[in-house]
Amino acid sequence: MSDAVRLLHISDPHLFADPQGELRGVRTLESLQHVLEHAMAHRRGAEAVLCTGDIVNDQPDGYPHFARLLGGLGLPVYCIPGNHDDAAQLRAALPGAPFQVGGHVDIGRWRLILLDSCIPGATRGHVAATELQRLRETLAGSDRHVMVCLHHHPVGMASHWLDPLGLDNAEELLGLLDAHRQVRVIGFGHVHQCFETRRQGVRMIGTPSTCVQFLPLAERFAVDRRPPAYRRWTLHADGTVDTEVVWVDGAAGQSVSRSAAGAAAASGAAATQGA
Ligand SMILES: [Fe+2]
């Protein structure tokens, strides 16, 4: 029996109160449902689910959909808010097991730290001083391998429109993490695309959305035609990590062609609403 920790990771489901609600031509609830069905059918021993924010698209009445779908999986669900979430309403909607919003959790040889990077009313992110202090204490209190999870990207994506919407105090966060050698990986959402880089031996990994994707390396906002997705993680006891993105082709919930959605989204207004 392997002592690795296996996780399913979803991000940015952007649910609406209306079950038929659409984000850029995709019915987000239907798309999430389809992704979860695929993920659970190919679960491969996953023992928990991670969701890195934007659970709803500015509509707190979407939280009950998330609670119903994820609450029925029979797995713990670890969540952090995104810029389209209301953190207080998110916590109220997911008040207890199987859900955990924020904090940290120890599984096997690993500690997962769930970091809030949201500024109320803003698209960009910032890890507040109180949250940095909690992170410092949580890192100091354990010698387990650490995965830090947050919504906003703490590293440039080589994307002119998206980079200013990342973490505005990334240097402060990364400086703190640099002082703790047990940090192995940083996982984030927000970017609606697959991304990986490495910094000082730490893997920094972005996960696509369960609905609409954004075009990588883009000067201006544009929707990518790639399908909904989720990520699998295997966190090994020796601190190494295996991970892969699973693109769920033929996902339900697409009411218009991806090219039409992309054309409609390529405007300045869309860019300010992105991520
Ligand atoms: Fe998002």
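Attention here is on the structure that accompanies the text. Counting starts from 1 at the beginning of each chain's written sequence and moves along it residue by residue. Local features in this predicted model are restricted to residues of pLDDT 70 or higher, and side-chain atom pairs are both shown and tallied only at a pLDDT of 80 or more, whereas totals for entire chains, interfaces and linings draw on every residue.

### Focus: the sheet that holds strand 1 (residues 5-10)
The line we're drawing: Think of it this way: DSSP has to see at least two bridges between two strands before they count as a pair. Labels follow the DSSP assignment, with helices taken as runs of H or I lasting at least four residues and strands as runs of E lasting at least two, numbered in each case from the N terminus. Interaxial angles span 0 to 180 degrees and are taken between N-to-C directions of axes, which are lines fitted to C-alpha atoms, for helices over the stretch in contact.
Pairing is mixed in the open sheet, where 6 strands are placed in the order 6-5-4-1-15-16. Taken across any chain shown, the strands that pair with only one partner, and hence form the sheet edges, are strand 6 (99-101) and strand 16 (241-247). Pairs of neighbouring strands in the sheet enclose a mean axial angle of 20°, with direction left out of account. In this sheet, strand 16 lies alongside strand 15 (residues 229-235) in antiparallel orientation, the contact comprising 7 bridges. Residue pairing for strand 16: Tyr230 is matched across the bridge by Val246.

### Looking at the pairing of strand 8 (residues 110-114)
Heads up, the condition is: Put plainly, a residue is buried at 20 or more neighbouring C-beta atoms within 10 Å of its own, exposed at 12 or fewer, and partly exposed in between, counting only other residues' C-beta atoms, which are placed from the backbone.
Burial analysis of strand 8 places 5 of its 5 residues in the buried class, which makes it a mostly covered element. Burial along strand 8 is two-sided: the face carrying Trp110, Leu112 and Leu114 and the face carrying Arg111 and Ile113 are both buried. Judged from the 5 bridges that link them, strand 7 (residues 103-107) and strand 8 form a sheet pairing that is antiparallel. Paired with Val105 across the strands is Leu112, a residue of strand 8.

### Brief notes about the nonpolar core
As a reminder, the rule being used: Each nonpolar core consists of buried Ala, Val, Leu, Ile, Met, Phe, Trp, Tyr and Cys residues. Their C-beta atoms, within 7 Å, join them into a set. Residues are defined as contacting one another if the C-beta atoms placed from their backbone atoms lie within 7 Å.
Within the largest apolar cluster, 54 residues are counted, with the highest numbers of intra-cluster contacts made by Cys79, Leu115, Val148 and Cys149. Each residue touching Cys149, except ones within four places of it in the same chain, is listed here: Leu50, Thr52, Ile80, Leu112, Ile113, Leu114, Leu115 and Gly187. Counting residues in each nonpolar core, the second largest holds 13 residues, with Leu165, Cys211, Phe214 and Leu215 among its members.

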